[in-house]
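Survey of secondary and tertiary structure
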Amino acid sequence: MSRISHIQIDDRNLPPPTPEIDQERKVAIFDLLEDNSFSLPKRDDRVVPEGPFSLDLAIRDRRLVFDVASEGGEKAAEFHLSLSPFRQVVKDYWAICESYFDAVKNLPPSQIETIDMARRGIHNEGARVLQERLEGKAEVDTDTARRLFTLICVLHFGG
């Protein structure tokens, strides 16, 4: 079964999240664990566990770290991704999220919907960037990439 069954976010060195960021994180983790597709491609004749997987996600030394293990705790893979390709889309995502959070409190539904459409567009762009960066390392579907991108944003916010 090629999926993530457990996810841990290493936020030890991050400032406490705002209530909105904490909510984004909780929803992304819940949705991710409910439905995701995550597999490791075979490389160099090495046997790769099929999953389900446990994923530890962290930022270390200014790099995004995916530490993947089997459910039994056996190390399956670890890869480090540069944060540079994510910087602008994360910045754009948080800017539009801030507008969205403010809009929900003050604006009519039609304006909230417009902002939410823009937010989804930026979210899709972040998911696309993540899928490109994971190419050859891990295979994820679009919905899984979207949820992982949200968690990257949460980590990036404090990092």
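So, a few notes on the structure that sits alongside this text.

Parameters and conventions
Residues numbered from 1 in each chain as written. Predicted model: local features only at pLDDT ≥ 70, side-chain atom pairs only at ≥ 80, totals over all residues. Heavy atoms only, no water. Helix = DSSP H or I, 4+ residues; strand = E, 2+ residues; numbered from the N terminus. Expected span 1.5 Å × (residues − 1). Buried < 20%, exposed > 50% of the residue type's maximum accessible area, 1.4 Å probe, protein only. Disulfide = S-S within 2.5 Å. Phe/Tyr/Trp six-rings, centres within 6.5 Å; stacked < 30°, edge-to-face > 60°. 1 Å grid on protein atoms, 1.4 Å probe; cavity = no way out; pocket = protein on both sides within 12 Å on 5 of 7 lines; lining within 4 Å. Points joined across faces, edges and corners; volume = space filled by probe spheres on them. Nonpolar A, V, L, I, M, F, W, Y, C, P; charged D, E, K, R; others polar. Axes fitted to C-alpha atoms, helices over the stretch in contact; angles between N-to-C directions. Parallel < 35°, antiparallel > 145°, perpendicular 65-115°, else oblique. Contact = heavy atoms within 4.5 Å.

Under the 1.5 Å per step criterion, the end-to-end length of helix α3 (residues 109–134) is 37 Å for 26 residues, consistent within 8% with the ideal 38 Å. Buried within α3 we find I112, I115, D116, R119, H123, G126, A127, V129, L130 and L134. Just downstream of α3, G136 is the residue with a positive phi angle, here 85°.

Our focus in this paragraph is the state of the cysteines. One pass over the structure, following the stated rule, counts zero disulfides. With no disulfide of its own, C97 has C153 as its nearest cysteine by sulfur position, at a separation of 7.3 Å. Classification of C153 by relative accessible area gives buried; the value is 0%.

Take the packing of aromatic side chains next. Scanning the entire structure with this criterion turns up five aromatic pairs. Considering the side-chain rings of F38 and F53, the 5.8 Å spacing of their centres and the 70° angle between planes classify their relative orientation as edge-to-face. Note that F38 is positioned in strand β2 (residues 38–39) and F53 in strand β3 (residues 53–60), a separation of 15 residues in sequence. By relative accessible area, which is 0% here, F38 ends up buried. For the ring pair F66 and F79, a centre distance of 5.3 Å and an interplane angle of 20° mean the geometry is stacked.

A separate point is the layout of surface pockets. A probe matching the size of a water molecule, rolled over the atoms, marks out where space remains unfilled. Roughly 250 Å³ of internal volume is contained in the largest pocket. Taken together, 13 residues make up the lining of the largest pocket; nearest its centre are E24, V27, H123, R146 and T150. For the lining of the largest pocket, the elements supplying multiple residues, two or more each, are α1 (19–34), α3 and α4 (142–158). The residue makeup of the lining of the largest pocket, split by class, is three nonpolar, three polar and seven charged.

This brings us to the packing of α1 against helix α2 (residues 84–106). Between two packed helices, both the angle of their axes relative to each other and the distance between the axes serve to describe the pair. One can describe the packing of α1 onto α2 by two numbers: an axis separation of 11 Å at closest approach and a directional angle of 105°. For the element pair α1 / α2, the angle class is roughly perpendicular. In this structure, α1 contributes E20, I21 and E24 to the contact, and α2 contributes Y93, W94, F101 and K105. Looking at side-chain class alone, the contact of α1 with α2 contains four nonpolar, no polar and three charged residues.

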